[in-house]
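So the chains spell out like this:
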Protein chains: 4
Amino acid sequence: MIQLDGGVVPPVCTPLTPERELDVPSLERLAAFLIEAGMHGLFVTGSTGEVAYLPDEVRYRALEVVAGVAAGQVPVLAGIIDTTTPRVIEHARAAKASGADALVATVPFFAPTHPAEFPGHFRAIRAAVDLPLVAYDIPSSVGTKLPTDVVVELAEDGTLAALKDSSGDLDGLRAVLERTDPSRLRCYSGSETLADLGLFIGAHGLVPGIGNVDPHGYLRLYEAARRADWDTARTEQARLRRLFRLIHVGDPRMGRYSSAIGAFKEGLVARGVIAGATTSEPMIPLNDTERAAVRQHLEDAGLL
Amino acid sequence: MIQLDGGVVPPVCTPLTPERELDVPSLERLAAFLIEAGMHGLFVTGSTGEVAYLPDEVRYRALEVVAGVAAGQVPVLAGIIDTTTPRVIEHARAAKASGADALVATVPFFAPTHPAEFPGHFRAIRAAVDLPLVAYDIPSSVGTKLPTDVVVELAEDGTLAALKDSSGDLDGLRAVLERTDPSRLRCYSGSETLADLGLFIGAHGLVPGIGNVDPHGYLRLYEAARRADWDTARTEQARLRRLFRLIHVGDPRMGRYSSAIGAFKEGLVARGVIAGATTSEPMIPLNDTERAAVRQHLEDAGLL
Amino acid sequence: MIQLDGGVVPPVCTPLTPERELDVPSLERLAAFLIEAGMHGLFVTGSTGEVAYLPDEVRYRALEVVAGVAAGQVPVLAGIIDTTTPRVIEHARAAKASGADALVATVPFFAPTHPAEFPGHFRAIRAAVDLPLVAYDIPSSVGTKLPTDVVVELAEDGTLAALKDSSGDLDGLRAVLERTDPSRLRCYSGSETLADLGLFIGAHGLVPGIGNVDPHGYLRLYEAARRADWDTARTEQARLRRLFRLIHVGDPRMGRYSSAIGAFKEGLVARGVIAGATTSEPMIPLNDTERAAVRQHLEDAGLL
Amino acid sequence: MIQLDGGVVPPVCTPLTPERELDVPSLERLAAFLIEAGMHGLFVTGSTGEVAYLPDEVRYRALEVVAGVAAGQVPVLAGIIDTTTPRVIEHARAAKASGADALVATVPFFAPTHPAEFPGHFRAIRAAVDLPLVAYDIPSSVGTKLPTDVVVELAEDGTLAALKDSSGDLDGLRAVLERTDPSRLRCYSGSETLADLGLFIGAHGLVPGIGNVDPHGYLRLYEAARRADWDTARTEQARLRRLFRLIHVGDPRMGRYSSAIGAFKEGLVARGVIAGATTSEPMIPLNDTERAAVRQHLEDAGLL
């Protein structure tokens, strides 16, 4: 089984045609672009990949496309995002069949679930499909923080291979890092803007949404941190923080995802990687002013 | 197209075999039991029906079974619960094919969505599948209250046929009732314990989870309210409030759904309607003490 | 000691001069207006009375003024609102010295406090000052719901004489009413817009902020409910709900209190009761358009 | 006027006698202990100082005592914590009269206040009393995050001299640091467990509650960070994180403050600095087992 070993693992955008079908050639170019940039893995059908919007068939087609491009060069992680255990297990099986090297699952959502029920959830997934399992802690989407005690318990018994922390709670991430053996649990920070801090406290990898647009920047940041060159890491982070402001181009007339995912896709169009910036329904598309603002952000960051 | 016309429309439990497969004979008996009790409709694959846990095939098989028993005697509403628009539309199509008379959809969840994007969500579903559409307002599950303005706008333009209010916000429900034409929008209260208040302020129907166990009680309450016999309605509600306390039998060692859905199913077993009380993973099952407590609640309520 | 016995007990506004000093003649006229309108008590230095803004000396001067006008005709309740026990006890002593007949206290706020610490809080206040004590449940201000179990425990042991419920949680209020002896605990609803429902479920009294502006309307509603004339109660409530919309005149350019308290005061100016509509810092004052809108609401409600 | 210039500024505990009166000799010893340990300032009547519990007279007596010991060697900051503007201004005046060198105020709480009203709040305080003003961002207590835009605006116009960030939001703190001139706004992190990260991103100082117990540890951390010796800073932080676990000795039978403040005081007793560990009502006191656990934590940290 493939080993997850940290590094930069961007959550790959899912390019769509104007008719909102999967744009396979664009996705192939995007996967190749990210691998060539030196990414250590690719995370398909994550939040940034519009997983919550994609019908099952699109999810698994996207995964097949990326796994085909990756061809074993880097691990492909698949988000198996659904409301609770039996539905998540269905996705786990389909993801394995579509070429996933590892699976990324949240705690249950929509159905109020007690933390005492979380271990059973992850253990059932792990038992059903033999792939490394990554817990995805994203309280802003699921409404619950994954407790440190649960992560520690599931790292110790081998249920979890990694944690992707998108909680913004560096104190909690630090507690996990203090209480787990890094040979048993890899920790990835999902923060674009505090990636340097995640690495400073010992996280092994990064999953930055805007890494689609500027993978080289996150690689520089990661490598600087690995050699404890904190001044360089912080300077690169400062540049990436400025770039990241592009997620607000659509404020306040649309939701956070509409603006951010629209901006990432527009950035990829501007860089010549994908063909169009269409997003899923019901996201409001960026208008011309907002698209121009995205391009200006890329120019300011030296990416055009 | 069938008209939704208020009344008591319980969210039907989904009986499972000990192996956690759909227990078709039990579901048939449950549907028949509810129709014979005089229910005005059946809501399949709602929260109480464990929709968040059921794989697609189980969802649609359950719907077919209930639609088969209903056979046009009462409308069958189908919960088309998923994270956002394209996935919800897939369920809408499958539900129509499986015999649904109406569709029940929430606002998007998991993916942060701006209220400005809600109308597009419901309009896209309504445009994709020609069945009456019910908006399901359940902030405890989706994290957002459906704004009154959105409901009013979508009632006026014919997108919505009804509202199922599980928000607990009687002030908001009252505002919807004041601002919409009842011939265009039917309002159902999802509260088991304030059902009399919902009817007092003008709601047209009820969707009580515990109506699975005591449909006759909610029918009496509803009919008393229809003839403005508030003393009788309130007295029946008081009895049903005492019965409803059975949802706490599992506190605090499990989640709210594990305890409530486990108790509803155990009550149906006690009443001889379904064969077993198995619930979906990762719900913790009731133990013997808790099951005995459920039966005591039913006895106290005169149901055994 | 005076008995709290339900009825309509408005939370009295605190009129200020343009220099933001206590406007004593206006407050005297307001107290007299409310007593003449048949109010069953007056609640001074509540949220509507801007208690959170008033320096101690203004709080106690306002209380003295109202107690002087009331002169034993109706009980005067004093809000003793502060962060936690020792500070609240200081207010309790000062309020008794200033003529209060009963005290109204919330659970601690600002300092995170465990529900296990709530009984000690109320018992210490009750032990320090010998006046009937009312628990004020207002989670929107203090961040915590007062648990039913705590209310029941403190009603049984005589610590609490009454509950003022501004939680909006009718289910919780109903549970308190079911579990307490009305001869030991009186329950008041703080809702302006669901007052009829509060009385329907058995609450003994009302504390409506907009009762400052239209005390006669709430008296009619209360008296209709007392004789179980629910149609009249509901019709009056509908009229008062329309009037209550005036609290939104300042949306969205200011906070909820700025708009609501500004509108109540403007309404009292329009009705000739108080001299000016000045509110405390840092509340944004209503502008001319907003003030005209308040008067239009009063005209529509037949109050001018 | 004194300049706030970063460094370690602990929020001084308020020792109480067993009768819950201010223990002046203990407070004098504590102030002297902290100054001798090299602290760069003392923050009196903050959250850790039980400000929310202390009657006014105790607040100002505590401030006088500390100001007397400090005698100009280090600046004394006073928390002027109250619900909203006019009440906060009263505290500001009293604090200046009692010897404060700077004032620390939160946004309004209890009374719902719109962010558009925050600038007026801070400007009114600053205009009323001529002392440097520190904005205290503590959403867990006040229910609102102080927006970055407000901080930037009030730093630029000279209203604010500093920010004390107890929000836990390092991303927001970083944004403030990026957008303000450090010669105009000093930023202090209120985090005990991520103090190294606060300094890494450019904060000028620390306000650690457990700095009462181990001021030397935070000084070492601060000094290491100042010379960019991040390994030393991180190692010291790791030790302090282990020590900080003592705040949980009272879980789960009491509130967070009861446990944490009780543990800080018990630690100061164990170190021979103050005479007793009494806390304010209604906090539950630590029992013998919990007190022993505190001492064990101090031993493990090499402090006994």
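Residues numbered from 1 in each chain as written. Chains lettered and ligands numbered in written order. Predicted model: local features only at pLDDT ≥ 70, side-chain atom pairs only at ≥ 80, totals over all residues. Heavy atoms only, no water.

Draft legend 1. Geometry of the environment of C:Ala135. Residues and elements named next belong to chain C. By secondary structure assignment, the location of alanine 135 is in strand β5 (residues 133-137). Residue alanine 135 is classed as buried on the basis of its relative accessible area of 0%. The spatial distance from the C-alpha of alanine 135 to the C-alpha of alanine 155 is 10.0 Å, given a sequence separation of 20 residues. Filtering out sequence-adjacent residues up to four positions away, alanine 135 remains in contact with Ala105, Phe122, Leu146, Leu160, Ala162, Leu163 and Lys164. (Helix = DSSP H or I, 4+ residues; strand = E, 2+ residues; numbered from the N terminus. Buried < 20%, exposed > 50% of the residue type's maximum accessible area, 1.4 Å probe, protein only. Contact = heavy atoms within 4.5 Å.)

Draft legend 2. Region of interest: the side chain of C:Ser259. Residues and elements named next belong to chain C. With respect to the helices and strands, serine 259 occurs in helix α11 (residues 256-270). Assessed through its relative accessible area of 0%, serine 259 is described here as buried. In this structure serine 259 touches Ile247, His248, Val249, Gly250, Asp251, Met254 and Leu286, once residues within four positions along its chain are discounted.

Draft legend 3. Local environment of the sheet that holds strand β3 (residues 76-79) of chain C. Residues and elements named next belong to chain C. With parallel pairing, eight strands are arranged side by side in an open sheet as β1-β8-β7-β6-β5-β4-β3-β2. In the strand order of this sheet, the two ends are held by β1 (7-8) and β2 (42-44), each with one partner. Two elements, β2 and β3, share three bridges in a ladder whose sense is parallel. Residue pairing across strands places valine 44 opposite alanine 78, the latter belonging to β3. Along the sheet, helix α2 (residues 56-70) contacts β2 and β3; its crossing angle with β3, the most-contacted strand, is approximately 170 degrees. Relative to β5, helix α4 (residues 118-128) is tilted by about 150 degrees, and along the sheet it contacts β4 (102-105) and β5. (Pairing = 2+ DSSP bridges. Axes fitted to C-alpha atoms, helices over the stretch in contact; angles between N-to-C directions.)

Draft legend 4. Inspection of the pairing of strand β6 (residues 162-165) of chain B at higher detail. Residues and elements named next belong to chain B. Burial along β6 is two-sided: the face carrying Ala162 and Lys164 and the face carrying Leu163 and Asp165 are both buried. Relative to β6, strand β5 (residues 133-137) runs parallel, the two sharing four bridges. Paired with aspartate 137 across the bridge in β6 is aspartate 165. Direction of pairing for β6 relative to strand β7 (residues 186-189): parallel, over a ladder of four bridges. Opposite leucine 163, over in β7, you have cysteine 187 as the bridge partner.

Draft legend 5. Highlighting the interface of chain C and chain D. Residue-level contacts link 46 residues of chain C with 46 residues of chain D. Here chain C packs against chain D, burying approximately 3400 Å² in sum over the two surfaces, 60% of which is carbon and sulfur. The tally of links between chain C and chain D comes to four salt bridges. Between C:Arg87 and D:Asp56 there is a salt bridge; the shortest N-O distance is 2.8 Å. Connecting chain C to chain D are 18 residue pairs in polar contact (both at pLDDT 80 or more). (Buried area = accessible area lost by both parts, 1.4 Å probe. Salt bridge = Lys/Arg side-chain N within 4 Å of Asp/Glu carboxyl O. Polar contact = N/O pair within 3.5 Å; in protein donor to acceptor, adjacent residues only side chain to side chain.)

Draft legend 6. Up close: helix α9 (residues 215-226) of chain C. All names here are of chain C. Under the 1.5 Å per step criterion, the end-to-end length of α9 is 16 Å for twelve residues, consistent within 8% with the ideal 16 Å. Of all the residues in α9, the buried ones are Pro215, Gly217, Tyr218, Leu219, Leu221, Tyr222, Ala224 and Ala225. Alanine 228 occupies a position one or two residues after α9 and carries a positive phi of about 60 degrees. (Expected span 1.5 Å × (residues − 1).)

Draft legend 7. Spotlight on the relation of the copies chain B and chain A. Of the transformation placing chain B onto chain A, the axial shift is 0.0 Å and the rotation is 180 degrees, giving an RMSD of 0.0 Å. A rotation of that kind, with that shift, is consistent with a two-fold axis. Considering only C-alpha atoms, the part of chain B nearest the rotation axis is B:Gly143, at 3.7 Å. Take the interface residues of chain B: 100% of them recur as interface residues in chain A, which is what a same-surface contact looks like. (Least-squares fit on C-alpha atoms with pLDDT ≥ 70 in both.)

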